[in-house]
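As a plain string of letters, each chain reads:
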Amino acid sequence: MHLDYFGRGYRRSIELFCPAGSAVADFGAGALTLPDGTVEDCREEVNERYIREMEYFLHYALHGEGESVNPPAQALDVLKLTLGEL
């Protein structure tokens, strides 16, 4: 995953290497390119995804219903993976 917080241009993308080929999600363009070359349009207003994330967070913090989509144990595993500890 590449997150560029310092570059002059807005670039947010992820490339997933799958058995059938690569899938590329370009968050800035709102496009998902599948291994077969099909491009899916996923455009939305940039602030919408942040608003949706905050609404989820606030609802979960206030009501705590179900399991979090990002439980602390999973977040710790991701951190360890990025630090090369897993």
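Everything here concerns the structure above.
Per chain, the residues get numbers from 1 upward, laid out in the order the sequence is written. For this predicted model, a pLDDT threshold of at least 70 governs which residues receive local features, and a threshold of 80 or more governs which side-chain atom pairs are given and counted, while totals over whole chains, interfaces and linings are taken from all residues. Note: side-chain values were computed over all heavy atoms of the structure, leaving out hydrogens and water.

Observations regarding the overall build of the protein chain
Per the secondary structure count, the protein chain includes 2 helices and 5 strands. If you line up the protein chain on its principal axes, its C-alpha atoms span 40 × 35 × 30 Å. In the protein chain, which comprises 86 residues, the proportion classed as buried is 8%. Contact between two residues is taken to exist if any of their heavy atoms lie within 4.5 Å; hydrogens are not considered. Excluding contacts between residues fewer than 6 apart, the proportion of contacts in the protein chain whose partners are at least 24 apart in sequence is 3%. Note on areas: these come from Shrake-Rupley sampling with a 1.4 Å probe, and a residue is covered only by the protein chains present in the view. For the protein chain, the computed accessible surface area is about 7300 Å², with 59% contributed by carbon and sulfur atoms. We score Asp and Glu as negative and Lys and Arg as positive, and we do not count His or the chain ends. Think of each charge as sitting on NZ of Lys, CZ of Arg, CG of Asp or CD of Glu. Taking the average location of the 7 positive side-chain charges in the protein chain and that of its 15 negative ones, the two points are 9 Å from each other. Counting from the N terminus, the helices are DSSP H or I runs at least four residues long and the strands are E runs at least two residues long. When a residue's accessible area, from a 1.4 Å probe over protein chains only, is under 20% of the maximum for its type it is buried; when over 50% it is exposed; and in between it is partly exposed.

Details of the side chain of Arg49
For Arg49, the location among the structural elements is in helix α1 (residues 46–63). Whenever two N or O atoms come within 3.5 Å, that pair is a polar contact, provided that in protein one can donate a hydrogen and the other can accept it, and provided that, for residues adjacent in sequence, both atoms are side-chain atoms. Separated by 3.3 Å, the side chain of Arg49 and the backbone oxygen of Phe27 make a polar contact. With near-sequence residues (within four places) excluded, Arg49 lies in contact with Tyr10, Phe27 and Glu44.

Observations regarding α1
Because each turn of an α-helix spans 3.6 residues, side chains separated by three or four positions in sequence point in the same direction. How far a helix is expected to stretch is found by multiplying one less than its residue total by 1.5 Å. Under the 1.5 Å per step criterion, the end-to-end length of α1 is 27 Å for 18 residues, consistent within 8% with the ideal 26 Å. Phi turns positive one or two residues past the end of α1, at Gly64, with a value near 55°.

Things to note about the pattern of salt bridges
Basic side-chain nitrogens of Lys or Arg form a salt bridge, by our definition, when they fall within 4 Å of a carboxyl oxygen of Asp or Glu. Enumeration according to the criterion identifies 3 salt bridges in this entry. Here Glu44 and Arg49 are joined by a salt bridge, their closest N and O atoms 3.6 Å apart. The partner of Glu44 in a salt bridge is Arg52, and the shortest N-O contact between them spans 3.0 Å. Here the salt bridges share partners, and the residues they tie into one network are Glu44, Arg49 and Arg52.

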